[in-house]
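Summary of structural features
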Amino acid sequence: MKVFLNKRIPQIGIDLLKENNLEIITPQTDNLSHEEWLENCKKADIILNVGKNKYDKDFFDNFPNVKAISLFSVGFDQVDIAEATKRKIPVGNTPDVLSRATSDVAFLLMQMVSRKVNYNIEKVKSGNWKDFDALEELGQELYGKTLGILGLGRIGFEMAEKCKGAFGMNIIYHNRSHNETAEKELDAKYVSFDELIQNSDIISIHANYTPEQANLFNQSVFEKMKPNLIFINTARGGFHNETDLYKALKSGKIWGAGLDVTNPEPMSNENPLLQLPNVCILPHIGSATIEARNGMARLAAENVIAFSKNQPMPNCVNP
Ligand code: DGY
């Protein structure tokens, strides 16, 4: 079977594919044009996808040769899962191995925003560090605050656990269903979406993104939040309306925002959000650790190998 791998991945994944006698189609460059990407898709039985290429009805209509997709990500919002399922095309993903790394970034952003670290680093770099001032650059402490999690799955749990352990936070969450482990181990409380946005001091998004959730965090939602609210998004940029977020931050309606995801990605370096002192933005590095990326390469390869042997993928989003 031919596997189209559109970008570089850690060697462990390549070795596994080779050991299992899979033919790998790898382009010479990591930056394929859309046309080159389509050309390569034509030749593949399975796609091991790195990045945000879209797999929708049109794609499946045009490439009946593609029999399975193995995503190098836990998120699968780029695939029309209903269409794939209708055509019996399994879609694999890479859960768990990146939960620690991604929640670390959410935890890091929360602290950076609470103490205005990004702004203060710029201050030092630009030579604007003046004498000690007892009333300048005050942050807010995180001890005993209420963390609101949207989507308490694996990554959300890790974030909640860290916040509870480090800062004794109260955990509230909104989810499709109850997370009994979190309720038992972290004393997490299930709340409605409205309660979540009104009662949290920090909101961190860890839900799977679907188009129905586009702009879920918009002006009317930001209006209801506490003024000390720290907004953290390490999931998908589509969850927040960027203009409304900008207005909420600029007017001081909320305290600050830490984003590892934007819409679109990459964001323009002229984006006005970057001028705000209460914002910290990272270039989608949630899973960017050696450990997590090796784990993702292994899981993505294992999904391909299982499919090539006519077995169910070990991590399949549409089993
Ligand atoms: C994921 O795994 O979904 C990360 O966001 C990388 O896309």
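Just so it is clear, the structure is predicted and the values come from calculations on it, not from any experiment.

So, on to the site of the ligand. Neighbouring residues of the ligand: S73, V74, G75, L98, G286 and S287. Residue classes in the shell around the ligand are distributed as 2 nonpolar, 4 polar and no charged.

Here we take up unusual backbone geometry. Here the amide bond leading from N263 into P264 is cis, since omega sits at 5°, within 30 degrees of zero. If you trace the backbone, P264 turns up in the loop between strand 11 (256-259) and strand 12 (279-281). Put simply, E265 and P266 share a cis peptide bond, and its omega is -5°. Here P266 shows up in the loop between strand 11 and strand 12. The backbone phi angle of D96 is positive, close to 70°, even though this residue is not glycine.

Another aspect to go through is the UniProt feature "domain: D-isomer specific 2-hydroxyacid dehydrogenase catalytic" (unreviewed entry) in the protein. In this numbering, the UniProt entry assigns the feature "domain: D-isomer specific 2-hydroxyacid dehydrogenase catalytic" (unreviewed entry) to residues 7-318. From the first C-alpha to the last, residues 7-318 spans 24 Å; its make-up is 37% helix and 13% strand.

Paired through their backbone hydrogen bonds, the strands of a sheet run either parallel or antiparallel. With respect to topology, 7 strands assemble into an open sheet ordered 8-7-6-9-10-11-12, the strand pairing being parallel. Every other strand in the sheet has two partners, leaving strand 8 (189-190) and strand 12 as the edge strands with one partner each. Alignment of strand 6 (residues 146-150) against strand 7 (residues 170-174), held across 5 bridges, turns out to be parallel. Following the sheet pairing, T146 is matched in strand 7 by N170.

Right, let's get into the packing of helix 1 (residues 11-19) against helix 12 (residues 290-308). Between two packed helices, the angle of one axis relative to the other and the distance separating the axes together describe the packing. Where helix 1 contacts helix 12, the axes come no closer than 7 Å and their chain directions differ by 20°. One finds that helix 1 runs roughly parallel with respect to helix 12. Relative to helix 12, the crossing made by helix 1 is right-handed. Residues I12, G13, L16 and L17 of helix 1 form the contact with helix 12, whose own contacting residues are N294, A297, R298, A300, A301, E302, V304 and I305.

Parameters at a glance
- Residues numbered from 1 in each chain as written.
- Predicted model: local features only at pLDDT ≥ 70, side-chain atom pairs only at ≥ 80, totals over all residues.
- Near = placed C-beta within 6 Å.
- Nonpolar A, V, L, I, M, F, W, Y, C, P; charged D, E, K, R; others polar.
- Helix = DSSP H or I, 4+ residues; strand = E, 2+ residues; numbered from the N terminus.
- UniProt positions renumbered as here; feature names shortened; annotations may be inferred.
- Pairing = 2+ DSSP bridges.
- Axes fitted to C-alpha atoms, helices over the stretch in contact; angles between N-to-C directions.
- Parallel < 35°, antiparallel > 145°, perpendicular 65-115°, else oblique.
- Left-handed = near helix turned anticlockwise from the far one by under 90°.
- Contact = placed C-beta atoms within 7 Å.

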